[in-house]
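Structural overview for review
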Amino acid sequence: MMWKRFLLENPSSLCLLESCKSFKQGLQIHAQTIVNGLHHQIFSISRLISFFSLLGSKDGLDHSRLLFSQIDCPNLFMWNTMIRGYSRSDNPREAIVLYMSMIAKGIAPPNNFTFPFLLNSCARLSSLEPGHEVHSHIIKHGFESDLFVRNALIHLYSVFGNLNLARTLFDESLVRDLVSYNTMIKGYAEVNQPESALCLFGEMQNSGILPDEFTFVALFSVCSVLNEPNVGKQIHAQVYKNLRSIDSNILLKSAIVDMYAKCGLINIAERVFSTMGTSKSAAAWSSMVCGYARCGEINVARKLFNHMHERDVISWTAMISGYSQAGQCSEALELFKEMEALGIKPDEVTLVAVLSACARLGAFDLGKRLYHQYIENGVFNQNTILTAAVMDMYAKCGSIDSALEIFRRVGKNMKTGFVFNSMIAGLAQHGLGETAITVFRELISTGLKPDEVTFVGVLCACGHSGLIEEGKKLFESMFNAYGIKPQMEHYGCMVDLLGRYGCLEEAYDLVQKMPFEANSVIWRALLSACRTHGNVKIGEIAGQKLLEMEAQHGARYVLLSNILADANQWEEARQVRKVMEDHGIRKPPGWSYIELGGAIHRFVASDKSHPQGKEIELMLKDMAMRLKSAGYVPNTAQVMFDIDEEEKESVVSYHSEKLALAFGLMYCSPTDTIRIVKNLRICADCHKAFKLVSEIYGREITNLWHIRHTFFSSSINDRFEIKFLIHFENGKMEIDEAIRESDDRRLKTKYNNAIYVVRRALALYSVEEVALSFNGGKDSTVLLHLLRAGYFLHKREQSHSNGVLTDHEVAFPIRTIYFESPSAFPEINSFTYETATTYGLQMDIIRLDFKSGLEALLEAKPIRAIFLGVRIGDPTAVGQEQFSPSSPGWPPFMRVNPILDWSYRDVWAFLLACKIPYCSLYDRGYTSIGSIHDTVPNALLCVNNSSSSKEKFRPAYLLSDGRLERAGRAKKFSLPVCRPAYPAVSNGMISVDSNKNSTLTATVIGVGDEILFGTVEDELGPSLCRKLHSIGWSVSQTAVLRNDVDSVAEEVERWKSTNDVLFIYGGVGPLHSDVTLAGVAKAFGVRLAPDEEFEEYLRHLIGDHCTGDRNEMAQLPEGITELLHHEKLSVPLIKCQNVFILTATNVTELDKEWDCLIELTRSSGLLVLMEPFLSKRMTTNLSDVEAAQALSKLCFEFPDLYIGSSS
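Since this is a predicted model, take the numbers as computed values, not measurements.

A word on the sheet that holds strand β10 (residues 883-885). Read across the sheet, six strands follow the order β8-β7-β6-β9-β11-β10 without closing on themselves; strand pairing throughout is mixed. Each end of this open sheet is capped by a strand with a single partner; those strands are β8 (842-846) and β10. Here the strands of the sheet are splayed against their neighbours by 30° on average, with no regard to which way each runs. As defined by bridge partners, β10 adjoins strand β11 (residues 894-896) across three bridges and the pair is classed as antiparallel. Paired with S884 across the strands is R895, a residue of β11. Across the sheet, helix α44 (residues 826-839) lies against β7 (815-819) and β8, angled at about 170° from β7, the strand it touches most.

This part covers helix α19 (residues 298-307). Residues I298, A301, L304 and F305 constitute the buried set of α19. Axial view of α19: buried residues confined to an arc of 120°, hence all on one face. Exposed side of α19, more than 90 degrees from the buried face: N299, K303 and H307 are the residues found there. Where α19 is buried, its residues meet α18 (282-294), α20 (313-325) and α21 (329-341).

Let us look at the packing of aromatic side chains. Tallied over the entire structure, the rule returns 28 aromatic pairs. When the centroid spacing of 5.1 Å and the interplanar angle of 85° are considered together, the rings of F273 and W285 count as edge-to-face. Remark: W285 occurs in helix α18 and F273 occurs in helix α17 (residues 266-274); sequence separation between them is 12 residues. Judged by its relative accessible area of 3%, F273 is buried. Ring centres of F407 and F420 lie 5.4 Å apart, and the angle between their planes is 75°; on these two criteria the pair is classed as edge-to-face. Here F420 lies in helix α26 (residues 417-429) and F407 lies in helix α25 (residues 400-409), a separation of 13 residues in the sequence. Of the two residues, F407 and F420, neither departs from the other in class, the shared state being buried. Every member of this aromatic cluster is reached through a ring pair, and the members are W908, Y918, Y922 and Y957. A cation sits over an aromatic face here: R311 above W316, 5.6 Å from the ring centre.

With respect to topology, six strands assemble into an open sheet ordered β15-β14-β16-β21-β20-β19, the strand pairing being mixed. Strands at the two margins of the open sheet, each flanked by one partner only, are β15 (1033-1041) and β19 (1121-1124). Taken over all neighbouring pairs, the strand axes of this sheet differ in orientation by 20° on average, direction set aside. Here β19 pairs with strand β20 (residues 1133-1136) via four bridges, running antiparallel. Looking across to β20, one finds that T1121 is bridged to C1136. Across the face of the sheet, helix α48 (residues 1020-1030) comes into contact with β14 (1000-1007), β15 and β16 (1061-1066) while running at roughly 165° to β15.

About the criteria used
- Residues numbered from 1 in each chain as written.
- Predicted model: local features only at pLDDT ≥ 70, side-chain atom pairs only at ≥ 80, totals over all residues.
- Heavy atoms only, no water.
- Pairing = 2+ DSSP bridges.
- Helix = DSSP H or I, 4+ residues; strand = E, 2+ residues; numbered from the N terminus.
- Axes fitted to C-alpha atoms, helices over the stretch in contact; angles between N-to-C directions.
- Contact = heavy atoms within 4.5 Å.
- Buried < 20%, exposed > 50% of the residue type's maximum accessible area, 1.4 Å probe, protein only.
- Arc of directions from axis to C-beta.
- Phe/Tyr/Trp six-rings, centres within 6.5 Å; stacked < 30°, edge-to-face > 60°.
- Lys NZ or Arg CZ within 6 Å of the ring centre and 35° of its normal.

Structure below.
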């Protein structure tokens, strides 16, 4: 007992924990505490938990968690210790889980030690959302002003690049210490804001806070970003001024070495590196390796790498990046494989370097394997730079479809400028200019601002696709719209664009007007264009300029010589060749790579040293025989002209790309694309030969060089730049399969009917004469996919090749019209541009008012019919049929409505059954999307959650009642105020006191041609006027209209705001006239929607005679309709705001409906009941003829006056 007390007072065994360094030793001390009976003491167990949790090993953390779990009521110190341990582990999220458990149990509130550990955990996660939640807890518990907590918050937001919020927290801090400044400076360095970091360092010095080693480490990183060695030298001097000696500070010396190496001062870096003696860190070694590699001393870099005793992933990455940047990509890939063999896992920097090497070599299989192994489902799947690198690799390896697929799958929050730039550049390399412009527009629609790199990519895309006018507009918009001053690269793109398509004078003029001297790249582009178009005059100028800049570059001489030879200026061409020979200048050798089974095979022109050289030569002979049979004649125009023709043919037959092609034909799988990478542009002869070989052998061949990619396929005959084609046959089969497997018979019927309309339209009009109106909504999304499927079926029916279509026939050529409204939701714009990219849509963007833009488009294009995603019930659908001419006042075209008879349920049944992507707004409760000003989520989809103040909504497809689709857009109308629209009017017999009986006005409208033309006597109108007089209402207007929607709409629109109530009667039979309902809907600007409640009344009324589909029999104006039920009425009355629609066809039925209406009024206040108008009897001796004129005038002036014959 005395011993235990001694241990408690002098716990020597626990004191040993301070010097303990291993998990095993810790277990021994733990065992000693158990033997001594101290394991139940809070003090002892707290010390053990602290030791094991902070040991830095998984075993230690697991053991501390085991100890912690055995304590019934851990104190706050123990909770903080465990949270701290997990914050430093490989599983930082568990720290947050522990914190939530602590809060839930309510044992102890958190303190100012809890939150810094928590925030450090959040800083190591992939998402900032947990950090926001912890921040809110900090505010709730009142620790936001605590210095340690605030520093941790600044660190959190700096790590995630939110420097604005971090700086706000920093500026609002009442107290700032060294950690505050260091955190902000480091944050600025990591987001490449070196000027801000240096300014903050100046503020720090002025505030009297002395820097430490961590301050200078961050500042050296800033100098590396600036690439300003003079600034670095000044910071280096500050180190000695503030810290005196740094001989033993390995961290700081490593930072200094890294700064000088990255700034190109490798000699100074070497001197600092040598002072580290035997204490050289792996980081310093890696910096020296990178430094020498950047300076082109790749062999020295490799020697340093080989001398390293310990190599971590940073060291391996430094050497791999060095090889990749030096163009030695094969060596980079070999070194990476060696690294993998040693079990070292790559980080994101390693993968970027390796993917870059794969892109240059065309190592498609290796790049694809890296993507699937490390990125797609790995820890780097949220890394935007890696995503951009993967897209770049796929594009440069010729698989632009894979690059586009990855781009489409990238979440909106991850689509950074890097990602967009990579996609645009890839599309440019493949000549997909229109798609690149579509992606550019998507970038703009997301709110991102294009940068210099963006414009290089999109201008190149225009150049490779012949989009001259678009390129000019984009070039002009750089400065005018985005404030970006064009640089050398942008002028180079424009020179290439103009020169490529023969505008050589304009291109040369642009070079002359540049604000700086043109570099060799621009003159080379101009020279190449001169050769293509045979312009010797400008070509000689460009060639001379180029030779002055690159006098030792053989390719420039060859190009100029070829231009002269093409112009039959043989003597001048010989002189250029002679200059080459006299100065010993040689053209760079051409080489080609091809990947097979993860190995890279390199070929040089006329080289026979490959292990399969004999087999390759036999294959070349086989190719030559088949090519000759196909009519191929070698193009020897580009071969030096001092050898005979037979030798020239032999030379072109052994070009490096043909050797690689022969190897690929022999050893690549018949189903694989043969991908060949070349360091030089493919010659005209090889281009022609590759085309024929693709057709003869039935193989797809991609030739890649550093500027452009060329794609050859046996199914393409006229154009050979690769086009990204969505395979419509597969899309159609997928939709068909989904529809066939569905048990929804109604959906199948709707689908077949819509496809019939599409095919009918395509039979009536040519493809050039039709267009698709697309707005990003669910209806137009359905229409797009129906149109794609219908177009494929139409082309297959016309095909004469047993239903097998070529890629040209399968491509979707129908023009797409999109109105980019400034009030549209950003999500709608983004979805539209994503859809255009995905399906290769030819987009015509209208940015003015839609009508004017459409008029201009129809004047410029031969469009005669436009497919619309209009459904019955839409306000614009009133009076339309599946084929309807455009409305008066609009340019003439045919409106084609394939889904006119589709309901809300049909739309979602199709989208879900076929798994078609749709705009994300529909998953957030929006059911019908208009502008940002008049559209909100549908309240019927709101999820009540008392624990959250933020409303959440279910997806749109869960709306149970499709009639309420537009509930989030329904216009708000106020019931008319009971006020006289006209002066009080009497019947002329007595005077009425207006104060006693204020006059309310009504309009009575009859609908029906039979009434208007006198076929049927109108008994209902006068009877209704008398009934209104009986309750004290004045009738200001009566009218009889044609059985026409527009007539009804105009009359209702005219009087609904100036009269208190409108009554409409007429139509055929006992049901409401469709024309009447449609006219009322149009007047109020709403659509007709199926009403299940009203449908049940109709079904009961007409029974088995009903043959229509559900929800289509009863169409009522949406959002404004109220059904007035009464037990005496078989069909309820309809009230649309202040419009009553009556079903009566004779006076008896009218009396019945009026009595029911008055009863309902007395119970629910539908109408205001006032004192009735008085009636008087008059006698006259005048004949009817004599009295007619005066009475007519009286009736005209007083519409509510009823004059009848006495009985």
